[in-house]
Amino acid sequence: MSIIIKSTLKLLFRNLGFWFFLIATPLLSVFILKTEQTNLSSYEITGADGASHITELDKPEDKVAYYGGKGRFVLKVYDGSGTELSEYMLNKLTESGAFLVCRVKTPGMTMDDMDANIASDGENDRMGAVIWLREGFDDEALQGTVKDGLKVYIMSDDARKDVLFTELKMILGQIRSAAASGGDVITVLDRMNDNIPAKSVEMLASKDSVNLTNEQIDQRTLTGYALAIMTLGFVFAGIFIAHTVINEQKDMVLTRIRLSNLSDTGYFASKFLSGAIVSALLTLVMGAWLFLIPAEKLGMGRPAFLLMIFCLGLIFCALSLLMGILLGNVMSANIAAFTIWSLSSMLAGLYFPLDATNDTVKTISYLMPQKWFLDITERLMTGDNKGYIILVCVTLAYMVVTLSLGSVGIRFKNNE
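Residues numbered from 1 in each chain as written. Predicted model: local features only at pLDDT ≥ 70, side-chain atom pairs only at ≥ 80, totals over all residues. Heavy atoms only, no water.

**A short note on helix 2 (residues 16-34)**
A rise of 1.5 Å per residue sets the reference length of helix 2, with its 19 residues, at 27 Å; its end C-alpha atoms lie 27 Å apart and thus fit the reference within 8%. Within helix 2, burial applies to F18, F21, L22, T25, P26, S29, V30, I32 and L33. Structurally, the start of helix 2 carries an N-cap: the backbone nitrogen of G17 is 2.8 Å from a side-chain oxygen of N15. (Helix = DSSP H or I, 4+ residues; strand = E, 2+ residues; numbered from the N terminus. Expected span 1.5 Å × (residues − 1). Buried < 20%, exposed > 50% of the residue type's maximum accessible area, 1.4 Å probe, protein only. Polar contact = N/O pair within 3.5 Å; in protein donor to acceptor, adjacent residues only side chain to side chain.)

**Some remarks on the side chain of T8**
Among the structural elements, T8 can be located in helix 1 (residues 2-13). Apart from residues no more than four positions distant in its own chain, T8 is found in contact with I241, T244, K271 and S274. (Contact = heavy atoms within 4.5 Å.)

**Remarks on the pattern of salt bridges**
One pass over the full model with this rule turns up 8 salt bridges. Its salt-bridge partner being R103, residue E56 comes within 2.5 Å of it at the nearest N-O pair. With E56 in strand 1 (residues 55-56) and R103 in strand 3 (residues 99-105), this pair connects stretches of sequence that are 47 residues apart. A relative accessible area of 2% means that R103 is categorised as buried. For D384, the salt bridge identified is with R379, shortest N-O distance 2.8 Å. With a relative accessible area of 13%, R379 lands in the buried category. Taken together, the salt bridges that share partners define one network made up of E56, D79, E87 and R103. (Salt bridge = Lys/Arg side-chain N within 4 Å of Asp/Glu carboxyl O.)

**Let's talk about the nonpolar core**
Within the largest apolar cluster, 67 residues are counted, with the highest numbers of intra-cluster contacts made by L33, V278, L290, F305 and F373. For this core, the elements supplying multiple residues, two or more each, are helix 1, helix 2, helix 8 (214-250), helix 10 (264-290), helix 11 (302-327), helix 12 (330-347), helix 14 (369-381) and helix 15 (386-415). At 17 residues, helix 8 tops the list of elements feeding residues into this core. Not counting residues within four places of it along the chain, the set of residues in contact with V278 comprises L9, L12, F18, A237 and I241. (Core = buried A, V, L, I, M, F, W, Y, C linked by side-chain atoms within 4.5 Å.)

**Concerning the environment of A336**
Structurally, A336 can be placed in helix 12. Linking A336 and S320, residues 16 residues apart in sequence, is a C-alpha distance of 8.0 Å. Filtering out sequence-adjacent residues up to four positions away, A336 remains in contact with M323 and L327.

**Describing the sheet that holds strand 4 (residues 129-133)**
Pairing between sheet strands relies on hydrogen bonds along the backbone, with the strands arranged either parallel or antiparallel. Across the sheet, which stays open at both edges, the 5 strands sit in the order 1-3-2-4-5 with mixed pairing between neighbours. With one partner strand each, in any of the chains shown, strand 1 and strand 5 (150-154) form the two edges of the open sheet. Each of strand 2 (73-79), strand 3, strand 4 and strand 5 is contacted by helix 3 (residues 84-95), which is oriented at about 150 degrees to strand 3, the strand it contacts most. Here helix 4 (residues 111-124) sits on the sheet in contact with strand 2, strand 4 and strand 5, set at roughly 165 degrees to strand 4. (Pairing = 2+ DSSP bridges. Axes fitted to C-alpha atoms, helices over the stretch in contact; angles between N-to-C directions.)

**A closer look at the packing of aromatic side chains**
For the coordinates displayed, the defined rule picks out 9 aromatic pairs. A centroid spacing of 5.4 Å and a plane angle of 70 degrees characterise the contact between Y366 and W372, whose relative ring orientation is edge-to-face. Members of the aromatic cluster, each reached through a chain of ring pairs, are F20, F21, F236 and F240. (Phe/Tyr/Trp six-rings, centres within 6.5 Å; stacked < 30°, edge-to-face > 60°.)

**Focus: a nonpolar patch on the surface**
On the surface, F13, L16, W19 and I23 cluster together into a nonpolar patch covering about 420 Å² of accessible area. Considering each element in turn, the nonpolar patch owes the most residues, 3 residues, to helix 2. With respect to the secondary-structure elements, L16 resides in helix 2. Exposure remark for L16: the relative accessible area of 73% places this residue in the exposed category. (Patch = residues over 30% accessible without salt bridge, like charges linked within 9 Å, V, L, I, M, F, W, Y side chains within 5 Å. Areas by Shrake-Rupley, 256 points an atom, 1.4 Å probe, with all protein chains shown as cover.)

**Topic: the packing of helix 11 against helix 14**
Running from amino to carboxyl end, helix 11 crosses helix 14 at an angle of 170 degrees, the nearest separation of the two axes being 11 Å. On the basis of the axis angle, helix 11 is roughly antiparallel to helix 14. Residues A304, M308, C311, L312, I315, F316 and L319 of helix 11 form the contact with helix 14, whose own contacting residues are P369, Q370, F373, I376, T377 and L380. Across the contact of helix 11 with helix 14, the residue classes break down as 11 nonpolar, 2 polar and no charged. (Parallel < 35°, antiparallel > 145°, perpendicular 65-115°, else oblique. Nonpolar A, V, L, I, M, F, W, Y, C, P; charged D, E, K, R; others polar.)

**Some remarks on helix 4**
Between the first and last C-alpha of helix 4 there are 20 Å, a value that for 14 residues agrees with the 20 Å anticipated at 1.5 Å per step. Contacts from the buried residues of helix 4 go to strand 2, strand 4 and strand 5.

These figures capture arrangement, not role.
Structure follows, in structure tokens:
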């Protein structure tokens, strides 16, 4: 068995394509992980109590389409007022549960600036409406004649815009009533709200569900892209090993090996061990490139990340080796390798989330190894040690199935 492993590795190291995947795929994966990019996926903006809160944007150019809000009417607010009354109005819109409020503070914004922002939002972003609060908002709201201090720009055909206008009229009416009663307006408004029944949010999520911060969501998304690239490397590494099996069958080498009393299972196991060594080499190269980025960019420790990469490599090297053996043709094996990589990465949700898909697609997704590794990534990012148990169990399950099918596949091809 050791002789087969050594000869297989010698053939691999003479293959320039193998060297390309050995060096390029880990480097490209690290480059993706190093990318400084936010808003890579949809966020759910909730507090610890499950209630919604105002989403703060850093600059007017930030897009709000990523904050999907699970069906809520998305509002982008340019807050040039920055007063207690404007804060009160935005909080009331958020508390209604019908709106997702994304605010960027813009003191001193001119009409020309606003026109440019509206044009950019309409072309490059997606929202229900834009609200511009100007510096004179407080005076107009207290007098009950809001004209220039508050401007609403409708950015969609969503019928809920009527609900927005109704809600704004109600809030402004409360402010006007509080001002007419005398005393501090905010104090009066707080007293009025105390008479409103409190809203209680009951979280019905499973106790095993994982809640990620926005930063962790971005890290998880980048990790998914990196896993897709590494999967490509592992798949073709397994195919290169399968090429040796195909050539050994054609050159009658496998027949001579069987005369040495080595079983089909033992032969496939030697090829599988070659794949394990190749997976370890790819993981080591990945580990070397990882020192180019800080550990916090991974969202987990480097050892845990590399362990996950190695296990992914074991699975896909074995799967592509199995496909190559069953097909028995170099060109067909290459096509199968690319098909396995592209379809499995897409169906696992590495490129885009599958939350909105139907149950059939979600079920198929859980047949893909990368889907499990994404779930493991989320658990490791949150410090859940169950991720290691799932990692071991998933890897062993795929290995048992692959080794069994591989030995049967070799026997079938020989009998044929």
